[in-house]
Amino acid sequence: MYTFIATTIMGLESVLARELQALGFQTTVLNTKVEFQGDFVDLFRANLWCRTAGRIYIKIATFNATTFDELFDQTYACDWPFWISKEDQFPVSKVSSRKSKLFSKSDCQAIVKKAISKKLQDTYNQKTLPETGSLVPIRIQIENDEVVLSIDSTGAGLNKRGYRAHMSVAPLRETLAAGLILLSRWRAAEDALIDPFCGTGTLLIEAGLIACNIAPGLNRSFISQKFKCIESKYFDTAYEEAHDSILKDVSFRIYGSDINPKVLSIANKNIELAGLSNIFVQKRELQDISSRFDRGKIITNPPYQERLDTPGYDSSEELYKMIGSVFSENFSEWDYGVLSDNEDFEDYFGQKSRKKRKLFNGGIQCRFFQYF
């Protein structure tokens, strides 16, 4: 059994914990991460299934260090040869330090790299290491003089699902979009779903993947598939489980609209790449949206001030007023979830939210305002 660390954005820790618990893991929730234990099949299960995680790390060691000698010695003591072959590349790719005596990130990076190199040289009886093989990235986290060393098992972030045809301006990250869907408690069998600012369709696609029980990592690979200590059978087992879990012939009602035909064209391509042909998008002005369904959920990420491109509105505040008016008139029995960077959103929307959660969208502090 190994300890794994699933990272996420601030505000989605509890959502990620519920995802991992649904996979059968006991969890420890920390700031921007959730820890759990498992074997190598579980490592790939987490990489395949976690919709709101950024990466899955393998925890190698935790220890206290206040001097560079302590950092070197305790790093050297770890069993690096189990994870890293004599040909592998092992960059120290991520370093953070908070409230610690070892505050110089570059020095910590150099010391850890030196200690791992020395351990591998001693073990493999080599004076030099070629570092031409598989990539095994190392991460250092230091907080209150406690050092956590881990290995990245994911590679490219888990938001890389493989369905983006093209990047749009300020796209909503896939992991955040999935988090909004899960926070809304949308149920495909019960509720219609509309995104009136759908852009390239990220929210709609993430909802469709959830409805069909499609693991978000099913169409990509992970860096740990090339680790020398992990046999391919572990990934194969997790992959086959995920593939067999897909629900066939699922009926759901997911719709999107936008005023920009260019982004809608990209949305249709993304929907096609995701294999979700029963998601529908159309060009429509905000004031023209409506639905024949009595109940459902609207989940949306309207344009923020710095990327406001909605004709007819000089400011995001005017847009928010129109959103409140349209929702109350045309969707009075629906639930709403709106992501906004404006702390005064409720005043312009015209109604206090039942819940609001602080989240970060590409470094922008936002709040997810929920109305039931």
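Residues numbered from 1 in each chain as written. Predicted model: local features only at pLDDT ≥ 70, side-chain atom pairs only at ≥ 80, totals over all residues. Heavy atoms only, no water.

**Student:** How should I be thinking about the pairing of strand S6 (residues 138-143) in this particular structure?
**Tutor:** Regular strands show a simple pattern: their side chains alternate between the two faces of the sheet. Most of S6 sits out of view: five of its six residues are buried. With six bridges joining them, strand S5 (residues 92-98) and S6 adopt parallel strand pairing. Pairing of Lys94 across the sheet is with Arg139, part of S6. The parallel pair S5 and S6, bridged by helix H5 (residues 105-124), forms a crossover whose chirality is left-handed. Two elements, S6 and strand S7 (residues 146-152), share six bridges in a ladder whose sense is antiparallel. Each residue of the ladder has a partner; that of Ile142, found in S7, is Val147. Between S6 and S7, which pair antiparallel in sequence order, lie two residues; one of them, Asn144, sits at a positive phi of approximately 55°. (Buried < 20%, exposed > 50% of the residue type's maximum accessible area, 1.4 Å probe, protein only. Helix = DSSP H or I, 4+ residues; strand = E, 2+ residues; numbered from the N terminus. Pairing = 2+ DSSP bridges. Right-handed = clockwise from strand over helix to strand, strands pointing away.)

**Student:** How should I be thinking about the nonpolar core in this particular structure?
**Tutor:** Counting residues in hydrophobic clusters, the biggest one holds 112 residues, and the most contacted among them are Trp80 and Phe327. With seven residues, the top contributor of residues to this core is helix H2 (residues 40-49). Setting aside residues up to four positions removed in sequence, Trp80 forms contacts with Ile60, Thr75, Ile116, Lys119, Leu120, Ile138, Leu149 and Ile151. (Core = buried A, V, L, I, M, F, W, Y, C linked by side-chain atoms within 4.5 Å. Contact = heavy atoms within 4.5 Å.)

**Student:** Whenever I open this one, the sheet that holds strand S13 (residues 355-361) confuses me. Can you help?
**Tutor:** In any sheet, the strands associate via hydrogen bonds between backbone groups, in a parallel or an antiparallel arrangement. Strand order in the open sheet formed by seven strands is S10-S9-S8-S11-S12-S14-S13, with mixed pairing between adjacent strands. Each edge of the sheet is formed by a strand with only one pairing partner; in this case those strands are strand S10 (279-283) and S13. In this sheet, adjacent strand axes meet at a mean angle of 20° when their direction is disregarded. Note that strand S8 (residues 192-195) and strand S11 (residues 296-300) share three bridges and pair parallel. Residue pairing in the sheet places Ala192 in a bridge with Gly296 of S11. Packing of helix H7 (residues 202-211) onto the sheet brings it into contact with S8, strand S9 (254-258), S10 and S11, and relative to S9 it is tilted by some 175°. (Axes fitted to C-alpha atoms, helices over the stretch in contact; angles between N-to-C directions.)

**Student:** Mind showing me how you'd approach the side chain of Glu35 here?
**Tutor:** Of note, Glu35 is situated in strand S3 (residues 33-38). On the accessibility criterion, Glu35 (14% relative accessible area) is buried. A polar contact of 3.0 Å, which involves the side chain of Glu35, links it to the side chain of Lys59. Apart from the residues lying within four places of it in its own chain, the contact partners of Glu35 are Thr3, Phe4, Ile5, Gln26, Thr27, Thr28, Leu30 and Lys59. (Polar contact = N/O pair within 3.5 Å; in protein donor to acceptor, adjacent residues only side chain to side chain.)

**Student:** Any chance you could explain the pattern of salt bridges here in plain terms?
**Tutor:** Two side chains carrying opposite charge are able to pair once their charged atoms lie near each other. A full pass over the atoms with the stated rule returns 16 salt bridges. Note that Asp347 is salt-bridged to Lys352, the shortest N-O span being 3.8 Å. Residue Asp347 shares its accessibility class with Lys352, and that shared class is exposed. If you follow the salt bridges from partner to partner, you end up with Asp42, Arg45 and Glu241 in one network. (Salt bridge = Lys/Arg side-chain N within 4 Å of Asp/Glu carboxyl O.)

**Student:** Is there a simple way to think about the sheet that holds S3 in this case?
**Tutor:** The strand order across the open sheet formed by seven strands is S2-S3-S1-S4-S7-S6-S5, and the pairing between neighbours is mixed. Of all the strands in the sheet, the pair left with one neighbour each is strand S2 (27-30) and S5. Neighbouring strand axes in the sheet, compared pairwise and without regard to direction, differ in orientation by 25° on average. With six bridges joining them, strand S1 (residues 2-7) and S3 adopt antiparallel strand pairing. Bridge pairing links Ile5 to Glu35 in S3. Contacts between H5 and the sheet are confined to S5, S6 and S7, with S5 contributing the most and set at about 130° to the helix.

**Student:** Looking at this structure, I do not really get the packing of aromatic side chains. What am I missing?
**Tutor:** The geometry of two aromatic rings is summed up by the distance between their centres and the angle between their planes. All chains considered together, the criterion is met by 24 aromatic pairs. Both rings, one in Phe72 and one in Tyr76, keep their centres 6.4 Å apart while their planes meet at 15°; by these two values the pair is stacked. Placement of both Phe72 and Tyr76 in helix H3 (residues 68-76) is noted, with a separation of four residues, approximately one turn of the helix. Residue classification places Tyr76 among the partly exposed residues on the basis of a relative accessible area of 26%. Ring geometry for Phe331 and Trp334: centres 5.0 Å apart, planes at 75°, overall edge-to-face. Each of the two residues, Phe331 as well as Trp334, counts as buried. Here a set of aromatic residues connected by ring pairs shows up, and it is made of Tyr320, Phe327, Phe331, Trp334, Tyr336, Phe345, Phe349, Phe369 and Tyr371. Across the ring face of Tyr76, the terminal group of Lys119 is positioned such that the distance to the ring centre comes to 5.1 Å. (Phe/Tyr/Trp six-rings, centres within 6.5 Å; stacked < 30°, edge-to-face > 60°. Lys NZ or Arg CZ within 6 Å of the ring centre and 35° of its normal.)

Shape is all these values report; function is a separate question.
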